[in-house]
Amino acid sequence: MFHELYNELYKHYGDLQWWPSESDDETVIGCILTQNTSWSNVKKSIDILRENDMLDLKRIREIDETKLQEYIKSSGYYTIKTRYLKNIASSIIDNYNKLEHMKNKDFNEIRSFIKNIKGVGNETMNSILLYALDYPVFVIDSYTLRLFKRYYGKEFASNDIKTGVEQEFDGNIFRLKNFHGMIVQLSKEYCKKKPECNKCFINNKCIYFSGNSK
DNA sequence: CACCAGGAATGTA
DNA sequence: TACATTCATGGT
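Read on for a plain summary of the structure. The structure presented is a predicted model; accordingly, all values stated were derived computationally and were not measured.

### Digging into the packing of helix α2 (residues 24–33) against helix α8 (residues 122–132)
In contact at an axis separation of 10 Å, α2 and α8 are set at 160° when each is read in the N-to-C sense. Between α2 and α8, the interaxial angle falls into the category roughly antiparallel. The two elements α2 and α8 cross, and the hand of that crossing is right-handed. Residue-level inspection shows D24, T27, V28, C31 and I32 of α2 in contact with α8, the latter providing T124, S127, I128, Y131 and A132. Residues belonging to the contact of α2 with α8 are distributed by class as follows: six nonpolar, three polar and one charged.

### As for helix α11 (residues 173–189)
Residue pairs spaced three or four apart in an α-helix point in one direction, given the helix's 3.6 residues per turn. Along its 17 residues, α11 runs 24 Å from first to last C-alpha, staying within 8% of the 24 Å computed at 1.5 Å per residue. Buried residues of α11: L176, K177, N178, F179, H180, G181, M182, I183 and L186, and no others. On its buried face, α11 is in contact with α1 (3–13), α8, α9 (142–152) and α10 (158–168).

### Some points on the protein's contact with DNA strand C
Taken together, N36, T37, S38, S40, N41, K73, S74, G76, Y77, Y78, T79 and I80 make up all the residues around DNA strand C. At the level of elements, α3 (39–51) and α6 (78–96) are the ones that each hand at least two residues to the surface near DNA strand C. Looking at the surface near DNA strand C element by element, the count peaks at three residues for α6. Of the residues that constitute the surface near DNA strand C, the class distribution is three nonpolar, eight polar and one charged.

### Some details on the packing of α9 against α11
Their axes nearest at 10 Å, the elements α9 and α11 cross at an angle of 85°. Compared by their axis directions, α9 and α11 come out roughly perpendicular. Here Y143, T144 and L147 of α9 lie close against α11, whose contacting residues are I183, V184 and S187. In terms of residue class, the contact of α9 with α11 is made up of four nonpolar, two polar and no charged.

Rules behind the numbers
- Residues numbered from 1 in each chain as written.
- Chains lettered and ligands numbered in written order.
- Predicted model: local features only at pLDDT ≥ 70, side-chain atom pairs only at ≥ 80, totals over all residues.
- Axes fitted to C-alpha atoms, helices over the stretch in contact; angles between N-to-C directions.
- Helix = DSSP H or I, 4+ residues; strand = E, 2+ residues; numbered from the N terminus.
- Parallel < 35°, antiparallel > 145°, perpendicular 65-115°, else oblique.
- Left-handed = near helix turned anticlockwise from the far one by under 90°.
- Contact = placed C-beta atoms within 7 Å.
- Nonpolar A, V, L, I, M, F, W, Y, C, P; charged D, E, K, R; others polar.
- Expected span 1.5 Å × (residues − 1).
- Buried ≥ 20, exposed ≤ 12 C-beta atoms within 10 Å, placed from the backbone.
- Near = placed C-beta within 6 Å.

Encoded structure:
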């Protein structure tokens, strides 16, 4: 059932290689920085962090807070996000030494560990599980709910979409990653302002646009 | 000028 | 459980 939508998107986007990142540490850092923030603003912060060799959880754990605030300023909420970054970096390093050591372990153990970190809510948790640690979960965000509502013509509980997609895709990490990536990409490229952009490629009608319009 | 962006914590009822 | 408020920069 959810395959139809995946295939419609896949015909247009193909393999997006999501999440855009050069390492798993960088993915985790990006997950925090992009909370309620456009990726263009996050990208600036990531570039600065890369120039200063800071896309590394052990280095984030040690860096001076004031300096980290300067580096990530373009991402907004920089005081809170600095605390979140220091917090998640120490938690992971103290308990597992390396992010890599959190892979291929008991899913419930890792999931509850991440969930209990301040600054990691439901969506960030799922993004880290899928994109940084390769656990088979589907990431639900507001785009997903909006798109599914318009494509299928009815409201879904986000948990029903999540478990439905996970079962239907049967733990296929590549497709789970690409599905969410394509949805985010769709939101970036189409219908930013008006409900009729004449560009939408799904069912030859405009089914997606941002904002609270319905 | 208003609104939004790859959310989450905190407080209230 | 269900909302309201706060956090903050940068693009449109």
